[in-house]
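# Observations on the three-dimensional arrangement
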Amino acid sequence: MRKVVTVIMLVVISAIYGCHSERKTCRELFDEYYDVNMKRCITAMDGVDSLRAAKICACMFDKLFELDSTFVYLKPRDMEDFVNKNVSNISVCDSL
């Protein structure tokens, strides 16, 4: 699970971190890239039913946002560390 989460979040990081130029609120940035991140996350979960993958991805994103909404502004390396530190919190999503 940890490897899948890391791969998924690295994909998400590139979409969030690389595409914003003006400072937006955490919620605005999270919402702006939510659909793109969901599609990338679902695609990254190769071999998992797409409906189940969508539920897992949505759960992971929501949990990470609840833990610390400012994660959307983290640099790629810091984002990876944040995800790795919180694997136990988002691993509950794997049981959906």
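Coordinates for the structure precede this section.
Procedures and definitions
- Residue numbering note: each chain is counted from 1, following its sequence as written.
- Only residues with pLDDT of 70 or above have their local features reported here, since the model is predicted, and side-chain atom pairs are shown and tallied only from 80 upward, although totals for entire chains, interfaces and linings are computed over all residues.
- Where side-chain values are given, they derive from all heavy atoms of the structure, hydrogens and water being excluded.
- Any carboxyl oxygen of Asp or Glu that lies within 4 Å of a side-chain nitrogen of Lys or Arg is treated as forming a salt bridge with it.
- Exposure categories follow from relative accessible area, calculated using a 1.4 Å probe and restricted to protein chains: below 20% of the type maximum is buried, above 50% is exposed, and the middle band is partly exposed.
- By nonpolar core is meant a set of buried Ala, Val, Leu, Ile, Met, Phe, Trp, Tyr and Cys residues that side-chain atoms within 4.5 Å join together.
- Note on conventions: DSSP H or I runs of at least 4 residues are helices, E runs of at least 2 residues are strands, and numbering of each starts at the N terminus.

What follows covers the pattern of salt bridges. In this structure the tally under the stated criterion is four salt bridges. A salt bridge links Glu32 to Lys24, with the shortest nitrogen-to-oxygen separation between them at 2.4 Å. The exposure class assigned to Glu32 is partly exposed, which follows from its relative accessible area of 38%. Its relative accessible area of 23% is what places Lys24 among the partly exposed residues. The partner of Glu80 in a salt bridge is Arg77, with the nearest N and O atoms 3.1 Å apart.

Now for the nonpolar core. The biggest cluster of nonpolar side chains holds 25 residues, and the ones touching the most others in it are Phe71 and Val72. Elements represented by at least two residues in this core include exactly α2 (26-32), α3 (34-44), α4 (50-67) and α5 (76-85). Residue contributions to this core peak at ten residues, all from α4.

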